Amino acid sequence: MEKKKVPALRFRGFHDDWEQRKLGELASLITKGTTPLDKSNTGVVNFVKIESIDESSGNITITQKISLDEHNGYLRRSQLKENDILFSIAGTLGRVTSVNKSILPANTNQALAIIRLKDGYLDYVKTYLKGKAVADFIKKNPTIGAQPNLSLEQVANLEIAIPSVPEQIQIGAFFKHLDHLITLHQRKYEKLQKLKKAMLEKMFPKPGCSVPEIRFQGFTDDWEQCKLGDVVEFLDTMRKPLEGAKRVPGPYPYYGASGIVDYVDGYLFDEELVLFSEDGANITDRNYPVCFLATGKYWVNNHVHVLRTKKENENNFICNALERKDYTQFNTGMAMPKLNKETCKNIPISCPVFQEQKKIGDYFRDLDHLITLHQRKLEKLKNLKKACLEKMFV
């Protein structure tokens with residue numbers, strides 16, 4: 001008996017088999033553009049490239065313009081219309097979006113295929129192109145030259161499983177709503193990150209100043225200029241590296257210079273402490289925090305300093321005071337950036353009284369909590385989308 005072509009997960013009320021159709025049968029046009037001759041970027045027509053398309057949301061951000069003359073002449077073939085699907089076919093394969101009228105007039109280059117549908121529901125087809133079946137097709141079919149690419153013929157031969165129009169609409173609307181939620185949480189997450197960055201600048205004194213630009217009501221005294229060694233003690237002698245082969249999996253976080261790198265069956269510390277990166281490219285690159293709090297029971301390796309704040313100093317205040325600094329001038333490494341213990345002890349740090357430190361520390365705890373909540377929600381939504389893309393399509 002022939003196996004029915006139906007997905008593992010389906011909206012209630014739909015039972016019919018899905019039909020296999022080639023993308024070329026669903027489209028009235030599959031084409032691509034080319035590189036503009038005029039590189040001045042002074043025109044009035046939006047030019048969409050792969051890097052213009054956000055991989056997660058599909059949102060388009062315009063960074064290049066072309067002239068109207070080129071748009072209507074040399075690049076006439078690739079003039080975009082509302083609801084055109086753009087599908088990346090060179091370099092980064094399989095990035096998908098559709099054209100909103102708000103970006104028109106617009107054009108594109110040879111790295112993006114333009115798919116203009118005559119059949120099939122737009123949001124369904126666009127979502128299908130983001131799914132596992134198409135990802136598998138891309139892995140099997142790229143022509144490898146200077147960079148991976150798909151031909152327009154290969155795109156036209158890409159098979160799509162098509163249910164009835166009502167089911168297409170249900171599925172398309174579901175993923176459109178999911179993408180909207182992902183975009184909302186992404187924006188909230190990014191706004192909170194920007195807020196934190198701004199407040200780290202404004203709630204700590206600028207170089208040469210003795211008070212910050214913004215402070216809590218009731219505090220007016222100058223901040224005291226100290227050295228890090230005056231306000232913390234180093235517990236580096238208590239840390240212990242564990243080679244990967246010697247780590248027994250367990251429930252306790254194993255910290256390194258970049259944060260948690262593993263979970264092990266044992267711990268060295270059972271208190272809230274400040275962890276401060278000792279080595280690694282991130283000390284100068286700053287792609288993730290160099291200073292962070294560790295709480296509960298955990299293990300620490302020898303790539304991160306362990307700091308316990310002295311009396312009248314607050315952990316999260318010290319942590320954020322360190323996080324906002326530029327460590328280029330303190331780098332003692334040659335091939336690899338490094339902050340050795342003696343250098344760290346002499347890092348200057350401005351400190352107010354304990355009560356103000358606590359207010360600032362608590363403010364950033366609350367802000368970090370909100371950032372973490374949105375980050376987790378974002379991850380859950382992305383994981384939900386990934387699971388649904390696998391289960392809701394044939």
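All values derive from a computational prediction rather than experimental measurement. All residue numbers here refer to positions counted from 1 along the written sequence of the relevant chain. Given that this is a predicted model, residues contribute local features only at a pLDDT of at least 70 and side-chain atom pairs are listed and counted only at 80 or more, while totals for whole chains, interfaces and linings are drawn from all residues. Each side-chain value is derived from all of the structure's non-hydrogen atoms; neither hydrogens nor water enter the calculation.

1. Topic: the overall build of the protein chain
1) Next: Starting at the N terminus, helices and strands are each numbered in turn, a helix being any DSSP run of H or I of at least four residues and a strand any DSSP run of E of at least two. On a plain count of helices and strands, the protein chain comes out with eleven helices and 21 strands.
2) Next: Over its C-alpha atoms the protein chain spans a radius of gyration of 27 Å, topping by over 25% the 21 Å that the globule rule assigns to 394 residues.
3) Next: Principal-axis analysis of the C-alpha atoms gives the protein chain an extent of 75 × 60 × 45 Å.
4) Next: Exposure is judged per residue with a 1.4 Å probe applied to protein chains only, and the accessible area is read against the type maximum: over 50% gives exposed, under 20% gives buried, and values in between give partly exposed. With 394 residues in all, the protein chain has 43% of them scored as buried.
5) Next: We call two residues in contact when some of their heavy atoms are within 4.5 Å. Intrachain contacts of the protein chain at a sequence separation of at least 6 include 74% that bridge at least 24 residues. We compute the radius of gyration over the C-alpha atoms and compare it with the globule rule, which gives 2.2 Å times the number of residues raised to the power 0.38.

2. Looking at the environment of Ser 98
1) Next: Secondary-structure assignment places Ser 98 in strand 6 (residues 96-98).
2) Next: Sequence separation of Ser 98 and Asn 83 is 15 residues, and the distance between their C-alpha atoms is 5.5 Å.
3) Next: Side-chain atoms alone can form a polar contact between residues adjacent in sequence; in general such a contact is a pair of N or O atoms within 3.5 Å, and within protein one must be able to donate a hydrogen while the other accepts it. In terms of polar contacts, Ser 98 uses its side chain to reach the side chain of Lys 126, at 2.9 Å.

3. A look at the pairing of strand 15 (residues 259-264)
1) Next: A pair of strands is treated as paired once DSSP finds two or more bridges between them. Looking at chain direction, strand 14 (residues 249-256) and strand 15 are connected through six bridges and run antiparallel. Each residue of the ladder has a partner; that of Tyr 252, found in strand 15, is Val 264.
2) Next: As consecutive antiparallel partners, strand 14 and strand 15 are separated by two residues.

4. Overview of the sheet that holds strand 5 (residues 85-88)
For sheets, the rule is that strands pair by backbone hydrogen bonds, running either parallel or antiparallel.
1) Next: The strand order across the open sheet formed by four strands is 2-8-5-6, and the pairing between neighbours is antiparallel. Every other strand in the sheet has two partners, leaving strand 2 (27-32) and strand 6 as the edge strands with one partner each. On average, each strand axis in the sheet is inclined to that of its neighbour by 20°, with strand direction left out of account. Orientation is described by axes fitted as lines to C-alpha atoms, over the contacting stretch for helices, and by angles from 0 to 180 degrees between their N-to-C directions.

5. What about the packing of helix 9 (residues 315-323) against helix 11 (residues 354-391)?
1) Next: Axis separation between helix 9 and helix 11 bottoms out at 7 Å; the angle between their running directions is 75°. Judged by the angle between their axes, helix 9 and helix 11 are roughly perpendicular. Across from Asn 315, Asn 316, Phe 317, Ile 318 and Asn 320 in helix 9, the residues of helix 11 making contact are Gln 357, Ile 360, Gly 361, Phe 364 and Arg 365.
2) Next: Asp, Glu, Lys and Arg are counted as charged, while Ala, Val, Leu, Ile, Met, Phe, Trp, Tyr, Cys and Pro are counted as nonpolar; the rest, among them Gly, fall into the polar class. Here the residues of the contact of helix 9 with helix 11 are counted per class, giving four nonpolar, five polar and one charged. In this scheme, roughly parallel covers angles under 35 degrees and roughly antiparallel covers those over 145, while 65 to 115 is roughly perpendicular and the rest are oblique.

6. Some points on the pattern of salt bridges
1) Next: One speaks of a salt bridge when a side-chain nitrogen belonging to Lys or Arg is within 4 Å of a carboxyl oxygen belonging to Asp or Glu. The final tally for this structure, using the stated rule, is 28 salt bridges.
2) Next: Note that Lys 126 is salt-bridged to Asp 123, the shortest N-O span being 3.9 Å. Residue Lys 126 and its partner Asp 123 are located together in helix 3 (residues 122-128), separated by three residues, close to a single helical turn.
3) Next: Lys 126 sits in the buried class, given a relative accessible area of 16%.
4) Next: Judged by relative accessible area, which is 11%, Asp 123 ranks as buried.
5) Next: A salt bridge links Lys 345 to Glu 342; the nearest nitrogen and oxygen atoms lie 3.8 Å apart. Here the residue Lys 345 and the residue Glu 342 both occupy positions in helix 10 (residues 341-345), the gap between them amounting to three residues, near one helical turn.

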